[in-house]
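Residue strings, one per chain:
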Amino acid sequence: MRARDAESLAGYYRAVVGLQELRRADGVITLGAANRPLLVIEPDAAAKPDDPRSAGLFHTAFLLPSRADLGRWINHAAANRIAIEGASDHLVSEALYMTDPEGNGIEIYSDRRPQDWKWIGDKIAMATERLNLPAVVASVPADDAGWQGAPENTIVGHVHLRVGRPEDAEAFWHDQFGFDTVARYGGQAVFLSSGGYHHHIGANAWRSAGAGRRDPARSGLAWVEMRSDNVTGETTREDPWGTVIRTIPGKA
């Protein structure tokens, strides 16, 4: 992520998302959970602010290991008056949404059990319904120690991108990575995954319809990195909007 104020942005992700600083070098700050890198913040004080009508990041989705972890985070957000912009039940997952100080979207979520997901052929049933906050909070055991920061096994469960045409994004992820299309929202959004997950990549044109290549002088998304058992060396590709997608060997 390219940041106009990397120090301040890193502080936000530590305080709000509960990430730990893992290392820094030449101003680049790497944050994560239990020594797993999840977010890299690159300083660029001269960058122009992100434009939500352009291609780029819609949100980074941090997947917590359990529903109780999500309940702990909700209690943390309430106690610290963290501004929440949305709270949704997606049938496959339960999620809360916010925006960081530089305009980057964030999702904090936990998955329902895969055996409880509903597949209709090769497409998964997802929706956006009101989240039952009290039920999620009730999953936290009594006398629990509460939120202690992002727990071990927190990962980036998916990345949701702003694109000019979802159809072009779908073709790119099919052709370059062999991802499966698991859901479409009309012509406005597409969701793709590998290995039967509900989605590793989302791509929408809700505000960015017709967007061309991303302006590299803007803050926000710089690159996306994925791990794969099926590659032996690092590869780098660009999607149709200039977003760099790196693939490195190993398990996520």
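Chemist: What is the right way to look at the pairing of strand β3 (residues 28-33) in this model?
Modeler: One face of the sheet, then the other: side chains in a regular strand alternate in exactly this way. The buried fraction of β3 is high, at five of six residues. Of the strand pairs in this sheet, strand β2 (residues 20-25) and β3 are connected by five bridges, and their pairing is antiparallel. Bridging across to β3, Gln20 finds its partner in Gly32. Two successive antiparallel strands, β2 and β3, enclose a turn made up of two residues, where Asp26 displays a positive phi of approximately 55°. Linking two consecutive strands that pair antiparallel, namely β3 and strand β4 (residues 36-43), is a turn of two residues; a positive phi of about 50° is found at Ala34 within it.

Chemist: Help me understand the side chain of Ser88, please; the structure alone is not making it clear to me.
Modeler: Looking at the secondary structure, you find Ser88 in strand β6 (residues 86-89). With sequence-adjacent residues up to four places away left out, Ser88 is seen in contact with Ser93, Glu94, Ala95, Tyr97, Thr128, Glu129 and Leu131.

Chemist: What is the right way to look at the sheet that holds strand β7 (residues 93-99) in this model?
Modeler: Each strand in a sheet pairs with another by means of backbone hydrogen bonds, the pair being arranged parallel or else antiparallel. Pairing within the open sheet is mixed, and its nine strands lie in the order β11-β6-β7-β8-β5-β12-β15-β14-β13. What marks the edges here is a single partner per strand, and that holds for β11 (129-130) and β13 (180-185). Note: strand β12 (residues 155-162) against strand β15 (residues 201-204), four bridges, orientation parallel. By the bridge assignment, Val159 is partnered in β15 with Ile201.

Chemist: What am I meant to see in unusual backbone geometry here?
Modeler: In this model, Asp26 sits at a positive phi of 55°, which is unusual for a non-glycine residue. Phi is positive for Asp143, which is not a glycine, with a value near 60°. Here Asp143 shows up in the loop between α3 (133-138) and β12.

Chemist: I tried to follow helix α4 (residues 166-177) on my own but got confused; where do I start?
Modeler: Owing to its 3.6 residues per turn, the α-helix brings residues three or four apart onto one side. When the terminal C-alpha atoms of α4 are compared, their 16 Å separation across twelve residues agrees well with the 16 Å that a helix rising 1.5 Å per residue should span. Those residues of α4 not exposed but buried are Pro166, Ala169, Glu170, Phe172, Trp173 and Phe177. Seen from one end, α4 has its buried residues packed into an arc of 160°, which puts them on one side. Immediately beyond the C-terminal end of α4, within one or two residues, lies Gly178, with a positive phi of roughly 70°.

Chemist: It is not clear to me how the layout of surface pockets should be interpreted in this structure. Could you clarify?
Modeler: With a probe scaled to a water molecule rolled over the atoms, the places where space remains empty come into view. A volume near 600 Å³ is recorded for the second largest pocket. Around the second largest pocket, the lining comprises 31 residues; the ones closest to its centre are Phe58, His59, Tyr97, Asn204 and Trp206. When contributions to the lining of the second largest pocket are tallied by element, the ones reaching two or more residues are β5 (56-63), β7, β8 (105-111) and β12. By residue class, the composition of the lining of the second largest pocket is eleven nonpolar, 13 polar and seven charged.

Chemist: Would you take a moment to explain the side chain of Arg214 for this structure?
Modeler: Secondary-structure assignment places Arg214 in the loop between β15 and β16 (223-228). The class for Arg214 is buried, based on a relative accessible area of 12%. A polar side-chain atom of Arg214 sits 3.1 Å from a polar atom in the side chain of Asp50.

Chemist: What is the right way to look at the sheet that holds strand β18 (residues 244-249) in this model?
Modeler: Taken in spatial order, the three strands make up an open sheet running β16-β18-β17, and their pairing is mixed. With one partner strand each, in any of the chains shown, β16 and β17 (235-238) form the two edges of the open sheet. Put simply, the sheet's adjacent strands are angled 25° from each other on average, direction ignored. Where β17 meets β18, four bridges bridge the pair, whose relative direction is antiparallel. Within the sheet, the bridge partner assigned to Thr235 lies in β18 and is Thr247.

Chemist: Got a minute to help me understand the nonpolar core in this structure?
Modeler: When a protein is soluble and globular, its nonpolar side chains tend to lie buried together. Tyr13, Leu19, Ile41, Trp73, Ile108 and Trp173 are the most contacted members of the largest nonpolar core, which totals 51 residues. The element contributing the most residues to this core is helix α1 (residues 6-17), with seven residues. Not counting chain neighbours up to four residues away, the residues in contact with Tyr13 comprise Met1, Gly18, Leu19, Leu31, Leu39, Ile41, Phe62, Asp100, Asn104 and Ile106. Of all hydrophobic cores here, the second largest spans 14 residues; its members include Val92, Trp117, Ile124 and Tyr197.

Here is what the cut-offs are and how they apply
Residues numbered from 1 in each chain as written. Predicted model: local features only at pLDDT ≥ 70, side-chain atom pairs only at ≥ 80, totals over all residues. Heavy atoms only, no water. Buried < 20%, exposed > 50% of the residue type's maximum accessible area, 1.4 Å probe, protein only. Helix = DSSP H or I, 4+ residues; strand = E, 2+ residues; numbered from the N terminus. Pairing = 2+ DSSP bridges. Contact = heavy atoms within 4.5 Å. Expected span 1.5 Å × (residues − 1). Arc of directions from axis to C-beta. 1 Å grid on protein atoms, 1.4 Å probe; cavity = no way out; pocket = protein on both sides within 12 Å on 5 of 7 lines; lining within 4 Å. Points joined across faces, edges and corners; volume = space filled by probe spheres on them. Nonpolar A, V, L, I, M, F, W, Y, C, P; charged D, E, K, R; others polar. Polar contact = N/O pair within 3.5 Å; in protein donor to acceptor, adjacent residues only side chain to side chain. Axes fitted to C-alpha atoms, helices over the stretch in contact; angles between N-to-C directions. Core = buried A, V, L, I, M, F, W, Y, C linked by side-chain atoms within 4.5 Å.

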